[in-house]
2 protein chains.
Amino acid sequence: MSEVRALLFDTFGTLVDWRAGLITQLEQWGTARNIAADWPGLVLAWRRDHVLALAKVRTGQREWANLDELQRETMRQLAPQFGLPTLSNDTLDRLARMWHELPAWPDTVEGMARLRAKYPAAPLSNGHVALLIRLARAAGITFDAVFGADVFRQYKPDPQTYLGAATLLGCAPGEVMFVAFHPSDLEAAAACGLRTCFVSRPLEYGAGVVVEQPPAQGDVDLMVGDLLELATAMGC
Amino acid sequence: MSEVRALLFDTFGTLVDWRAGLITQLEQWGTARNIAADWPGLVLAWRRDHVLALAKVRTGQREWANLDELQRETMRQLAPQFGLPTLSNDTLDRLARMWHELPAWPDTVEGMARLRAKYPAAPLSNGHVALLIRLARAAGITFDAVFGADVFRQYKPDPQTYLGAATLLGCAPGEVMFVAFHPSDLEAAAACGLRTCFVSRPLEYGAGVVVEQPPAQGDVDLMVGDLLELATAMGC
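Calculation rules
- Residues numbered from 1 in each chain as written.
- Chains lettered and ligands numbered in written order.
- Predicted model: local features only at pLDDT ≥ 70, side-chain atom pairs only at ≥ 80, totals over all residues.
- Heavy atoms only, no water.
- Helix = DSSP H or I, 4+ residues; strand = E, 2+ residues; numbered from the N terminus.
- Rg over C-alpha atoms; globule rule 2.2 N^0.38 Å.
- Buried < 20%, exposed > 50% of the residue type's maximum accessible area, 1.4 Å probe, protein only.
- Contact = heavy atoms within 4.5 Å.
- Areas by Shrake-Rupley, 256 points an atom, 1.4 Å probe, with all protein chains shown as cover.
- Lys, Arg positive; Asp, Glu negative; His and termini not counted.
- Charge placed at Lys NZ, Arg CZ, Asp CG, Glu CD.
- Polar contact = N/O pair within 3.5 Å; in protein donor to acceptor, adjacent residues only side chain to side chain.
- Pairing = 2+ DSSP bridges.
- Axes fitted to C-alpha atoms, helices over the stretch in contact; angles between N-to-C directions.
- Core = buried A, V, L, I, M, F, W, Y, C linked by side-chain atoms within 4.5 Å.
- Least-squares fit on C-alpha atoms with pLDDT ≥ 70 in both.

Undergrad: Mind showing me how you'd approach the overall build of chain A here?
TA: A count of helical and extended segments in chain A gives 10 helices and five strands. A compact globule built from 236 residues should have a C-alpha radius of gyration of about 18 Å, and chain A, at 18 Å, falls within 12% of that. When its C-alpha atoms are laid out on the principal axes, chain A stretches across 55 × 35 × 30 Å. Out of the 236 residues in chain A, the part that is buried amounts to 55%. Within chain A, residue pairs in contact and separated by at least 24 positions form 68% of the contacts whose partners lie at least 6 positions apart. Carbon and sulfur atoms make up 50% of the accessible area of chain A, which totals about 9700 Å². Computed over 21 positive and 27 negative side-chain charges, the separation of the two mean positions in chain A equals 5 Å.

What follows is the structure in structure tokens.
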């Protein structure tokens, strides 16, 4: 790992617990309006279906739209299936912005602080810069830079995102380590020549729910249980 | 100022003392090689002439090149005038990278910390992202995001830089305040609809050296003596 000069982090699921954060916010929102629904189910569907919206932008089937826009549309489609009343644009906007304030995993803040003492670190996320700034401030995470999808006007796993971030960091791809829980994201980064680290987040989709199988040992450069373990592995 | 939601900062001269920092580094470099020169004069000329190189990129007379490349070229042209020996590419690279590590003004770190407690803050600089990351880490400054010229592939005072940064911040231009010492930079930001704050840096070019006259009271939204005064004015 001695050639690594900077770190990039997937954000949703890897640094913050979108599932617990969204369920809490939706429950509070619903309680205040006397609306009940299967919030955990809705949150899983929201996460699952927004990936389809991202893919349409990535493949050029639709013009650039940021994550707020895509999350509003995805929620508009899901709401009837979960028995929600018709949601106004203002309400959809409010719900989409729930993705801006999510709790960090217990090791994230300390792990990132230790890693940053040695390495510049930035998120590489499908969120946009404004979202990531709010997310970091709310979760108490400090970065050296913020690479949102709007910087590249393209979504992961498009190579432009991984390579674009490495270029902005002033690094060759092999000098950057990309840290994520999602094997497909790690695979795309590795295909661009980045170093990769799998960090286990067994609760991302809820206890016992496995969406992607973890990578095999040889598929990534490092496998760690959390960011504290990564910090130790990197000599931080 | 109640509509301001985020702050942008010019960097060289406004947050860091490039002049003192470069003179110190060049003196050390020269002493180690038994090279003497008018370092203060060279540094002023370097700063002055690199603006011409930036303008060529801005006006499309040449392709995109980052600040390191432009500073190398400018120094290559200046070296003979200041009696320096022929400089190798490696040496030019080393000298250009002196712009990556410059001391903060005495109020910068504390002022920025106070401002960031209330407002997201980022540099908007003609430096590139990698340079700004190194600069911030070396000077002990923390930002919420980093807007280098390479994000926009354009240099200030082109409107794309001010407006591009506002867009990435998720703000209307009038919701962003741009803080700088240079009146021409402030004027260009104001023409894009940004709020502006002049911060006095009387030592930027050396004691008693005035390169641009300060703006008149009505030309900017705020005029402050340093960032601590700005923090107080913004209720931070």
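Undergrad: How do you make sense of helix 8 (residues 159-168) of chain A when you look at a structure like this?
TA: Residues that lie three or four places apart on an α-helix share one face, since the helix turns once every 3.6 residues. Looking at helix 8 of chain A, one finds that the buried residues are A:Thr161, A:Tyr162, A:Gly164, A:Ala165, A:Ala166 and A:Leu168. Among the structural elements, strand 1 (6-9), helix 7 (149-152), strand 3 (176-180) and helix 9 (183-191) of chain A together with helix 6 (129-139) and helix 7 (149-152) of chain B are those in contact with the buried residues of helix 8 of chain A. One side-chain oxygen of the residue at the start of helix 8 of chain A lies 2.8 Å from the amide nitrogen of A:Gln160, identifying that residue as A:Asp158. Positioned one or two residues after helix 8 of chain A, A:Gly170 has a phi angle of 70°, which is positive.

Undergrad: Could you clarify how one ought to interpret the sheet that holds strand 1 (residues 6-9) of chain B in this entry?
TA: For sheets, the rule is that strands pair by backbone hydrogen bonds, running either parallel or antiparallel. Residues and elements named next belong to chain B. Read from one edge of the open sheet, five strands run 2-1-3-4-5, paired in parallel fashion. Only two strands of the sheet have a single partner each, and these edge strands are strand 2 (121-123) and strand 5 (222-224). Taking the axes of each pair of neighbouring strands and ignoring which way they run, one obtains an average angle of 25° across the sheet. Sheet topology places strand 1 next to strand 3 (residues 176-180); four bridges connect them, and they run parallel. Counterpart to Leu7 in the pairing with strand 3 is Met177.

Undergrad: I keep staring at the nonpolar core and nothing clicks. Help me out?
TA: Counting residues in hydrophobic clusters, the biggest one holds 170 residues, and the most contacted among them are A:Phe147, A:Leu230, B:Phe147 and B:Leu230. For A:Leu230, the residues in contact, after removing those within four places along its chain, are A:Phe9, A:Leu115, A:Met177, A:Val179, A:Cys197, A:Leu222 and A:Val224.

Undergrad: Please clarify how the relation of the copies chain B and chain A should be interpreted in this entry.
TA: Superposing the two chain copies requires a rotation about an axis and a translation along that axis. After a rotation of 180° and a shift along the axis of 0.0 Å, chain B superposes on chain A with an RMSD of 0.0 Å. The superposition operator between the copies reduces to a two-fold rotation axis. The position closest to the rotation axis in chain B is occupied by the C-alpha of B:Ala145, lying 2.5 Å away. Of the interface residues in chain B, 100% have counterparts in chain A that sit at the interface too, so the contact is made through matching surfaces.

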